[in-house]
Structure formats: structure tokens, C-alpha cells
Amino acid sequence: MQAQRRTSAPPALDGEARFELWRRRLGFVLAPVAFAVAWFASADMPQPAHRLAAVLAAVVVLWVSEAIPMAMTAFLGVAAAVALGVAPAQAAFAPFADPLIFLFIGTFILARAIFFHGLDRRFAYAILGMRGVGERPARVLVAYAAASCLLSMWISNTATTAMMFPIGIALLRSLDSLRDTRTAGAFASALLLSNALAASIGGVATPVGTPPNLIGIGFLRREMGVDVAFFSWIALGVPVVVLTFAAMIARLLWSSSERQVHLAGVAQTIAEQRRALGPWTRGQVNTVIAFAVAVVLWITPGVMALVLGQDHPAYRAYTGALPEGVVALFAAGLLFVLPTNLRRLEFTLDWREAVQIDWWIVFLYGGGIALGTLAFTTGLAERLGFALTSLVGVESELGLIALSALIAAALSETTSNTASVNMIVPVVIAFARSSGIDPLLPALAATMAASLGFMLPVSTPCNAIVYASGRIPLTTMMRHGIWLDLAGVIVVTLVVGGLGPLLRGLLGG
């Protein structure tokens with residue numbers, strides 16, 4: 001038996017797996033090369049900026065290639081900056097205690113409770129079971145995508161896609177008996193792809209919808225002194241989501257509506273799944289209470305700013321006492337206080353479940369904002385901004401908004417959205433300043449557009465999950481993805497460029 005194990009060949013890799021393997025291998029080779037090239041190319045800079053440029057070049061390569069875990073790359077980048085004398089350890093690691101770190105932690109714990117108690121599945125089936133959805137393919141696709149989009153406004157895009165994926169597979173079982181397999185296959189691809197695309201789109205709506213939003217907000221807070229409130233963000237984020245979602249639905253329905261498809265038994269399947277969920281549990285009720293408290297407290301400052309103005313003492317007192325991070329921690333704390341069985345001292349969430357959150361994103365955020373902060377304090381970001389100004393020559397705010405959105409969307413196709421924001425937003429801020437343009441709106445456009453990675457399975461985990469079903473040809477994903485990338489960039493440019501100036505006061509600019 002041992003001999004057989006030693007002589008057996010490893011399983012063959014498919015095209016995507018081979019691409020991933022070579023991407024990681026290139027990262028190990030190109031990271032030190034990038035470090036050396038940047039070291040010699042930036043020799044005329046002041047010493048801290050010169051050394052940081054080399055570190056950042058290696059970090060960017062490692063982020064794009066994912067040769068080592070991205071959070072570890074962030075840690076090593078900050079550690080290398082300290083070791084090379086770019087900044088003392090206390091200053092370099094200070095962003096790991098940024099208040100937004102605790103907003104991450106609090107919202108991740110809330111999302112964990114939603115997942116643990118099955119509220120996400122209950123919500124999804126409620127959407128799919130609405131009157132009028134029935135067995136019509138267009139309505140089923142819209143309801144399915146809408147559920148994914150709405151869920152991803154509050155919990156991880158990846159978790160949303162993973163949760164909705166088996167629901168989509170169950171819906172497609174009714175297609176097996178269809179005679180027209182070509183049309184059935186087209187609809188199956190559209191339905192499953194709508195899950196991934198809608199989850200990525202929905203995350204843009206709220207500051208807590210996806211980590212890149214909070215990373216961009218963090219850069220604006222630290223480098224510009226601008227506090228983008230929860231209500232202010234959704235005033236721009238929701239229109240972006242509505243318009244991009246509408247473009248996605250139109251595209252998918254157009255591509256899959258060559259013939260009528262009758263989804264026999266779908267309504268019955270959904271009804272059975274809803275009945276299987278049973279009555280509401282005490283844990284689900286408690287989670288809704290905690291989540292509702294967070295949402296109300298997050299939205300209140302925006303309402304106060306509209307009614308009273310940002311200079312009113314009540315507004316300043318509220319925002320000073322209850323910033324978003326503190327609200328998230330209070331709401332998460334309720335999960336450990338609201339009981340499910342008081343006699344046995346059982347509460348809505350226990351610590352074993354709470355610690356299952358995505359800590360790597362928390363660490364990646366801390367490292368990314370630390371490196372971005374160092375880029376500003378050393379003058380490196382300013383140097384890059386001047387270089388881009390002379391190279392590109394953008395002179396208007398709208399032009400820079402469009403360019404920022406386009407670069408962020410393109411970058412997110414080859415690396416994670418979180419890495420894209422960490423790389424592009426500091427450069428956009430510096431670029432705007434060197435061009436004499438207010439950086440607020442271009443930075444917001446870049447942050448939102450970083451979630452527009454729709455084209456490849458490697459662009460986002462959402463795409464990878466649905467691509468693994470085998471029902472979505474790569475050419476289909478690429479064709480829809482590149483179209484939606486362009487549509488998303490246009491939407492972000494029009495919304496941020498059009499509504500942004502009207503909301504500049506609320507946004508802090």
C-alpha cells in the first residue's frame with residue numbers, strides 16, 4: 001500500500017488551478033525583483049521614502065500574486081518598514097488600533113450571529129417566496145439576485161454567495177427535465193452568476209457591506225480629516241447599487257431569454273424550504289434586535305445632520321460619543337447579554353462562535369492602512385501623485401473620478417478588492433492634491449469601484465464559488481463581467497460626480 005502511494009501521480013490540475021499555481025510562484029520570484037528595482041529607481045528620494053518605496057513594491061507584488069497570505073504580507077510590510085528605519089515601531093503599528101478596526105470586529109460578530117442563527121437563509125427564502133415570483137424565470141432570477149444583493153449590504157459578500165449558492169442549485173433542479181438543454185443551460189448560467197455579481201454589487205451600499213468601504217473611509221479619515229458618516233455613504237452607495245444592479249439584471253435577462261423556460265416546481269420547492277426553517281427562534285429574535293440597534297444608531301447622525309446641521313451641539317455630542325465603531329461594539333455586546341435560555345445562562349452568541357470571524361481581513365486592513373499612512377508621512381505618496389499628474393494630465397474633478405474608478409476596477413480583476421483599495425486610494429489622494437483637486441470624491445469613486453471585479457473566477461471569491469459549479473463557461477463569465485465592469489465604472493462616475501458635489505457638506509468635504 002505504501003509503495004502504491006509513493007508511485008501514484010498527483011491529480012491533474014485544471015486551467016484555473018495551473019494559473020493560480022503559476023501566479024503564486026511568480027510572486028515569490030518577482031517580489032524581491034520589485035524590491036531591488038524600486039530600491040535603485042527611488043535612490044534620489046529622501047531616505048524614508050526611498051526605503052518605503054522598495055517595501056511597497058514587494059508588498060504590491062505579493063498582494064497581487066497572493067504568494068503568501070495577504071494578512072501576513074501586510075504584517076511583514078510594516079515590520080520591514082520598521083526594520084529599515086522608515087518609522088519607529090510605535091508609529092508604524094499605531095493604525096492597528098484605529099477605531100475602524102473595532103468597527104470591523106463588531107460588524108463581523110453581528111454577521112456571524114446572523115449566519116449562526118440562520119437569519120440569512122430565512123431572509124433569502126422570504127424574498128424568493130414573495131407573491132408573484134412563482135415559476136416565471138425572469139422573476140425568479142430577479143428575486144434570487146435581489147436576495148443576494150440585500151444580504152451582502154450587511155454581511156460578507158463571500159458568505160452571502162456561499163449561502164445562496166445551494167439555494168440556486170435547488171432552484172435549477174427543475175431544469176433537468178427540460179428538453180431544450182441549450183436554453184436551460186443559458187438560464188442556469190445567468191441565475192448562478194447573478195448570485196456572485198449581486199453580492200459584489202450589494203456590498204457597495206453601506207460602509208459595513210464590504211471591507212474595502214471601511215478601508216477607503218479610513219484613509220479619508222486619517223489623511224484628510226474627513227469623517228464619512230454611515231448615512232452620508234449610503235446616500236451615494238445605494239444609487240450606485242440600484243443602477244448597477246439594474247444593469248446586471250438587464251444584461252443577464254437579455255442573454256438568457258431567447259426562449260421561454262418553465263421552472264416547474266420552483267414555487268413548491270421554496271415553500272417546502274421555508275416550512276423546514278420552522279418558527280422563529282429566540283436567538284434569531286435577539287440577533288434582529290441587536291442588528292436593528294446598530295442600524296438605527298448608525299443612521300441617526302445622518303438624520304441629525306440633515307435636520308439640525310453638522311455644527312449643532314447635539315450632532316457633535318452624538319458623533320463624539322457614538323462613532324460607528326463604538327455602536328458596532330455595543331450591538332455586538334448585546335449578543336452576549338440577550339439570553340436564549342436564562343436558567344442555563346445561554347446567550348445569543350458564545351465566544352467560540354464569535355471568534356470564527358474573518359480575522360485576516362482585520363489584520364489586512366490594519367497593515368494596509370499602516371503602509372498607506374507611512375506613504376503620506378514619508379512623502380512617498382506625494383511623489384507618486386506628482387509623477388502621475390505629469391504622466392496622465394487629468395485636470396478636472398470629474399475626469400479624475402472617472403480615471404480613479406477605472407483603475408480601481410481594472411486592478412480588482414487581478415487582485416483582491418481589499419488589496420486594490422489599499423494600493424489605489426492613497427495614490428488617488430496624493431494625485432488629486434498634486435493636481436489641485438479635492439481628493440474626497442475621487443477617493444470615494446476608487447473605493448466603490450474596487451468592488452467591481454466581475455470578469456474572472458480569480459477576481460473575487462464570489463466568482464470562484466459559482467464558477468466551481470461547472471455550469472458557467474469561462475467565456476460567459478468574462479463576457480458578462482467585462483460589460484458589467486464598464487457599466488459599473490460609468491455608474492460610479494455619474495453618481496459620485498453628479499450627486500457627490502450636492503452631498504459634499506454631508507460627506508465632510
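In the block above lies the structure referred to throughout.
From a predicted model like this one, the values you see are computed outputs, not experimental measurements.

Chemist: Any details on the overall build of the protein chain? Residues and values, ideally.
Modeler: Helices and strands together make up the secondary structure of the protein chain, namely 25 helices and two strands. Residue burial in the protein chain is summarised as follows: out of 509 residues, 52% are buried. Looking at the protein chain alone, contacts between residues at least 24 apart form 79% of all its contacts between residues at least 6 apart. About 22,000 Å² of surface is accessible on the protein chain, with carbon and sulfur atoms providing 67% of the total.

Chemist: Could you give an account of the side chain of T210, with specific residues and numbers?
Modeler: Mapped onto the fold, T210 is located in the loop between α10 (181–202) and α11 (211–224). Overall, T210 belongs to the buried group, its relative accessible area being 6%. Not counting chain neighbours up to four residues away, the residues in contact with T210 comprise N157, G203 and S451.

Chemist: Run through helix α4 (residues 70–83), naming residues and quoting values.
Modeler: Here α4 spans 20 Å end to end across 14 residues, near enough to the 20 Å set by a 1.5 Å rise per residue. When we look at burial in α4, the residues that qualify are M70, A71, T73, A74, G77, V78 and A81. All buried residues of α4 fall inside an arc of 165° around its axis, so they share one side.

Chemist: Give a detailed account of the packing of aromatic side chains, specifying residues and quantitative values.
Modeler: What the rule picks out here adds up to nine aromatic pairs. Measuring from ring centre to ring centre gives 5.1 Å for F230 and W298, while their planes differ by 15°; the resulting arrangement is stacked. Pair noted here: F230 is in helix α12 (residues 230–256) and W298 is in helix α14 (residues 282–308), with a separation of 68 residues, a long-range link. A residue is classified by how much of its surface remains accessible, and F230, at 2% relative accessible area, is buried. One aromatic cluster in this structure is built from F75, F93, F96, W359 and F363. The ring of W22 carries R25 above its face, with NZ or CZ at 4.9 Å from the centroid.

Each value, and the rule that gives it
- Residues numbered from 1 in each chain as written.
- Predicted model: local features only at pLDDT ≥ 70, side-chain atom pairs only at ≥ 80, totals over all residues.
- Heavy atoms only, no water.
- Helix = DSSP H or I, 4+ residues; strand = E, 2+ residues; numbered from the N terminus.
- Buried < 20%, exposed > 50% of the residue type's maximum accessible area, 1.4 Å probe, protein only.
- Contact = heavy atoms within 4.5 Å.
- Areas by Shrake-Rupley, 256 points an atom, 1.4 Å probe, with all protein chains shown as cover.
- Expected span 1.5 Å × (residues − 1).
- Arc of directions from axis to C-beta.
- Phe/Tyr/Trp six-rings, centres within 6.5 Å; stacked < 30°, edge-to-face > 60°.
- Lys NZ or Arg CZ within 6 Å of the ring centre and 35° of its normal.

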